[in-house]
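Here are the chains, one letter per residue:
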Amino acid sequence: MDTVTTTKNQILSAYEFRHATKEFDSHKKISDSDFDFILETGRLSPSSFGFEPWRFVVVQSNAMREKLLPYSWGAKKQLPTASHFVLILSRLPKDMLASSDYIKGVMENVQQLPAEVAQGKAKVYDAFLKSDFGLEENERAMFEWGCRQTYIALGNMMTAAAQIGIDSCPIEGFNKNKIEQILSEEGIMDAEHFGISCMVAFGYRLNELRGKTRRPADQVIEWV
């Protein structure tokens, strides 16, 4: 078997392995190096125009987890047992406008674009927000667009974890306003610039899980 085929099989095996793990073995902890690897796959993930609207908050404090628990109905078992628990934040609409200091800063300091290139990109991006996707006039749609990008990082982190034998569970079951209030009051999230997109737990499964269930390929793939 050639190297490419072996790699393909390993990747597909990771997808078969990955399940939404409801409860973790609280006695098993992910090593620092393994979790740094998982976070790095999130950091290196693609985003629209390369503007990286995300922030990853790793919640390891038991006291903070307990504060989040009453408002995180989808994480009742994961919050107390996960080795690592991550809150993925997304930039608010005002930071994602073409004219914002954040976008200008990314183009200048991160992407290091020449001034004339940055101006051209800002013009295209502005038209995208106003016309192509019609986002700018709808704040909730604009925020959710940023959240959609954080899900790319979310997926990459969960897949990377599965490839090294680590379980995960993406979580949307929470009260957004209450969680944001707690994070703001605790000085963890700047509510002027961020909102919560989703949560994700990592660790090692406590119980064996049933096999993967998915619709067959001919029901979800169409060639034209």
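In what follows, the accompanying structure is described. (Residues numbered from 1 in each chain as written. Predicted model: local features only at pLDDT ≥ 70, side-chain atom pairs only at ≥ 80, totals over all residues. Heavy atoms only, no water.)

Once that is clear, we can look at helix 1 (residues 3–17). Helix length check: helix 1 (15 residues) gives 21 Å between terminal C-alpha atoms against 21 Å at 1.5 Å per residue, within 8%. Measuring from the backbone nitrogen of valine 4 back to the side-chain oxygen at the start of helix 1 gives 3.2 Å, which picks out aspartate 2 as the cap. (Helix = DSSP H or I, 4+ residues; strand = E, 2+ residues; numbered from the N terminus. Expected span 1.5 Å × (residues − 1). Polar contact = N/O pair within 3.5 Å; in protein donor to acceptor, adjacent residues only side chain to side chain.)

What follows is about unusual backbone geometry. In this structure, phenylalanine 49 is a non-glycine residue whose phi angle is positive, near 60°. By the secondary structure assignment, phenylalanine 49 is in the loop between helix 2 (32–43) and strand 1 (54–58). A positive phi is found at glutamine 112, a non-glycine position, where the angle reads about 50°. Along the polypeptide, glutamine 112 turns up in the loop between helix 6 (101–110) and helix 7 (115–132).

Bringing the side chain of serine 90 into the picture now. Inspection of the secondary structure assignment puts serine 90 in strand 2 (residues 84–91). Here the side chain of serine 90 touches cysteine 147 through a polar contact of 3.4 Å, landing on its backbone nitrogen.

Sheet architecture is open: four strands sit in the order 1-2-4-3, paired in antiparallel fashion. Lying at the two open borders of the sheet, with one neighbouring strand each, are strand 1 and strand 3 (167–171). Adjacent strand axes in the sheet meet at a mean angle of 25° when their direction is disregarded. Examined bridge by bridge, strand 3 and strand 4 (residues 194–203) share five bridges and lie antiparallel to one another. Paired with cysteine 169 across the bridge in strand 4 is alanine 201. On top of the sheet, helix 2 reaches strand 1, strand 2 and strand 4; it is set at about 165° to strand 1, its chief contact. (Pairing = 2+ DSSP bridges. Axes fitted to C-alpha atoms, helices over the stretch in contact; angles between N-to-C directions. Contact = heavy atoms within 4.5 Å.)

As for its placement among the helices and strands, threonine 21 is situated in the loop between helix 1 and helix 2. Taking relative accessible area as the criterion, threonine 21 reaches 1% and is therefore assigned buried. When near neighbours in sequence (up to four residues on either side) are disregarded, threonine 21 contacts Gln78, Asp167, Ser168, Cys169, Arg205 and Leu209. (Buried < 20%, exposed > 50% of the residue type's maximum accessible area, 1.4 Å probe, protein only.)

With that out of the way, let us pick up the packing of helix 1 against helix 8 (residues 139–163). Relative orientation of the contacting elements helix 1 and helix 8 amounts to 105°, with a least axis distance of 8 Å. As the angle between them shows, helix 1 and helix 8 are arranged roughly perpendicular. Side by side, helix 1 and helix 8 meet where Ile11, Ala14, Tyr15 and Phe17 of the first sit next to Thr159, Ala162 and Gln163 of the second. Across the contact of helix 1 with helix 8, the residue classes tally to five nonpolar, two polar and no charged. (Parallel < 35°, antiparallel > 145°, perpendicular 65-115°, else oblique. Nonpolar A, V, L, I, M, F, W, Y, C, P; charged D, E, K, R; others polar.)

Helical geometry note: an α-helix holds 3.6 residues per turn, so side chains three or four residues apart project in the same direction. Counted at 1.5 Å a residue, the expected span for helix 7 with its 18 residues is 26 Å, and the 24 Å between its end C-alpha atoms agrees. Among the residues of helix 7, those classed as buried are Ala118, Ala122, Tyr125, Phe128 and Leu129. With its buried residues spanning 120° around the axis, helix 7 presents them on a single face. The exposed residues of helix 7 that point more than 90 degrees off its buried face are Glu116, Gln119, Lys123, Val124, Ser131 and Asp132. Buried residues along helix 7 sit against helix 5 (93–96), helix 6 and helix 8. (Arc of directions from axis to C-beta.)

The next subject is the packing of aromatic side chains. This model, assessed by the stated rule, comprises nine aromatic pairs. Here phenylalanine 128 and tryptophan 145 contribute two aromatic rings whose centre-to-centre distance is 5.6 Å and whose plane-to-plane angle is 50°, an arrangement assigned as tilted. Pair noted here: phenylalanine 128 is in helix 7 and tryptophan 145 is in helix 8, with a separation of 17 residues, a long-range link. Accessibility expressed as a relative area gives 11% for phenylalanine 128, which makes it buried. One aromatic cluster is present, built from ring pairs that chain together Phe49, Phe51, Tyr125, Phe128, Phe133 and Trp145. (Phe/Tyr/Trp six-rings, centres within 6.5 Å; stacked < 30°, edge-to-face > 60°.)

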